[in-house]
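# Tertiary structure, described
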Amino acid sequence: MKAKSKIFITFVLNLLFSIFELVGGFLTGSVAITSDAVHDFGDAFGIGISYFLEKISGKKPDDKYTFGYVRFSVLGGLLTTVILLVSSGIVVYNAILRIINPVIINYNGMLVFAIIGVVVNLVATYFTHGGKSINQKAVNLHMLEDVLGWIVVLIGALVIRFTGLYIIDPILSIAVALFIIVNCIKNLISIANIFLIKKPREVDLEELIEHVKHVDGVVGVHHVHVWTIDGITNCATLHLVAQNFDSRIKNEVKEDLKEHGISHVTIEMESPLENCEEIECNVTSSNTCTHHHHH
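A short tour of the structure in this document, coming up. Sequence order as written defines residue numbering, which begins from 1 separately in each chain. A pLDDT threshold of at least 70 governs which residues receive local features in this predicted model, and a stricter bar of 80 or more applies before side-chain atom pairs are shown or counted, although totals over entire chains, interfaces and linings include all residues. Heavy atoms from the whole structure form the basis of all side-chain values; hydrogens and water molecules are not counted.

## Details of the packing of helix H4 (residues 107-128) against helix H5 (residues 134-163)
Packed helix pairs are specified by the crossing angle of their axes together with the interaxial distance, meaning the distance between the axes. Packing of H4 against H5 brings their axes to within 8 Å, and their N-to-C directions diverge by 155 degrees. Our classification of the angle between H4 and H5 gives roughly antiparallel. Handedness of the H4/H5 crossing: left-handed. In this classification, the charged set is Asp, Glu, Lys and Arg, the nonpolar set is Ala, Val, Leu, Ile, Met, Phe, Trp, Tyr, Cys and Pro, and all remaining amino acids, among them Gly, are polar. Residue composition of the contact of H4 with H5, grouped by class: 18 nonpolar, seven polar and two charged. In this analysis an axis means a line fitted to C-alpha atoms, helices contributing only their contacting stretch, and an angle means the value between N-to-C directions, from 0 to 180 degrees. A run of H or I in DSSP becomes a helix once it reaches four residues, and a run of E becomes a strand once it reaches two; helices and strands are each numbered from the N terminus. Working definition: roughly parallel below 35 degrees, roughly antiparallel above 145 degrees, roughly perpendicular at 65 to 115 degrees, and oblique for all remaining angles. By definition, turning the near helix anticlockwise from the far helix through less than a right angle yields a left-handed crossing, and turning it clockwise yields a right-handed one.

Set out below in structure tokens:
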């Protein structure tokens, strides 16, 4: 199943479920459930946007977006993560208020809703898990949070039933919120790295340059740039200095880079007699420039 349809299923389930939750929260008096409902509406909204952006991200490159629309999916991940962060913050805030002023809860009703909640969300998670894209990961995080949230409501209802400690409800919801916040921050770092054109973690630049230098006929390599469009597709551009302009050399280098997980490569060929204007290679360190001036 495509990321797009997974996200759509998640959206529908979340929306239906948040309506069901509002009713539940109203009937049981559990703010854990009511605040979860409000928060699920936010989720559904965020996931709806993600779906829309994931759909756009499948479009082919055109004269407006010459790299294609893949990063729209990353943007979806960003929005979903931010919404998740904000709603987790609200959950923590409400929970703290509840710790200060504990409230009597109908725990039997809570139990019933929690069981249904866990089941529904487990099914949803099963359908939507997996997926490499940052957007998909953000949506998965939402689903995971929902499942955890409901397992916590379930445990909370049981504990309250036997101990009468109503304070358990808010304490547990803070624990889940913190777990989610940590994951959100990890997600945000990955997203920032993509937008800041950081070298993908799995690419070893020095090793890559060594490999390219060992290709028969290559005299030097400089201006090596490696980046990722969406965290999955990696690109590189580089200047190759070769004795003879030979497409074999170029193809071998491309094969080498494929082994390093780089699928999209642009190579500029130069002869050793050429003076690359940017010979100083201010971008990559000068030791990658094995490029000699010939006067």
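Having seen the model, we can carry on.
## With respect to the sheet that holds strand S1 (residues 218-228)
DSSP calls a pair of strands paired once it identifies at least 2 bridges connecting them. Ordered by their spatial adjacency, three strands build an open sheet running S1-S2-S3, and the pairing between neighbours is mixed. Each of the sheet's edge strands pairs with one partner strand only, and the pair in question is S1 and strand S3 (264-270). Neighbouring strand axes in the sheet, compared pairwise and without regard to direction, differ in orientation by 15 degrees on average. Judged from the seven bridges that link them, strand S2 (residues 234-242) and S3 form a sheet pairing that is parallel. Bridging across to S3, histidine 239 finds its partner in glutamate 268. Any two residues whose heavy atoms approach within 4.5 Å at even a single point are treated as in contact. Of the strands in this sheet, S1, S2 and S3 touch helix H8 (residues 247-259), which is tilted by about 145 degrees from S3.

## Thoughts on the packing of aromatic side chains
Each Phe, Tyr or Trp ring (for Trp, its six-membered ring) is paired with any other whose centre lies within 6.5 Å, and the angle between the two planes then decides the class: stacked below 30 degrees, edge-to-face above 60, tilted in between. With the rule as written, the count across this model stands at nine aromatic pairs. For the pair phenylalanine 17 and tryptophan 150, a centre-to-centre distance of 5.7 Å together with 80 degrees between the ring planes defines the contact as edge-to-face. With phenylalanine 17 in helix H1 (residues 3-28) and tryptophan 150 in helix H5, this residue pair connects regions lying 133 residues apart in the sequence. Taken as a pair, phenylalanine 17 and tryptophan 150 share a single burial class, namely buried. When the ring of phenylalanine 67 is compared with that of tryptophan 227, the centres are 6.3 Å apart and the planes differ by 85 degrees; the resulting orientation is edge-to-face. Of this pair, phenylalanine 67 sits in the loop between helix H2 (31-57) and helix H3 (71-100) while tryptophan 227 sits in strand S1; the two residues are 160 residues apart in sequence, bridging distant segments of the chain. On the accessibility criterion, phenylalanine 67 (54% relative accessible area) is exposed. These aromatic residues form a ring-pair network of at least three members: Phe17, Phe20, Phe113 and Trp150. Throughout this description, the term charge over a ring refers to an Arg CZ or Lys NZ atom that lies within 6 Å of the ring centre and within 35 degrees of the ring normal. Over the aromatic face of tyrosine 69 sits the side chain of lysine 59, whose NZ or CZ is 4.5 Å from the ring centroid. Exposure classes here rest on a 1.4 Å probe applied to the protein chains alone. A residue is buried below 20% of its type maximum, exposed above 50%, and partly exposed in between.

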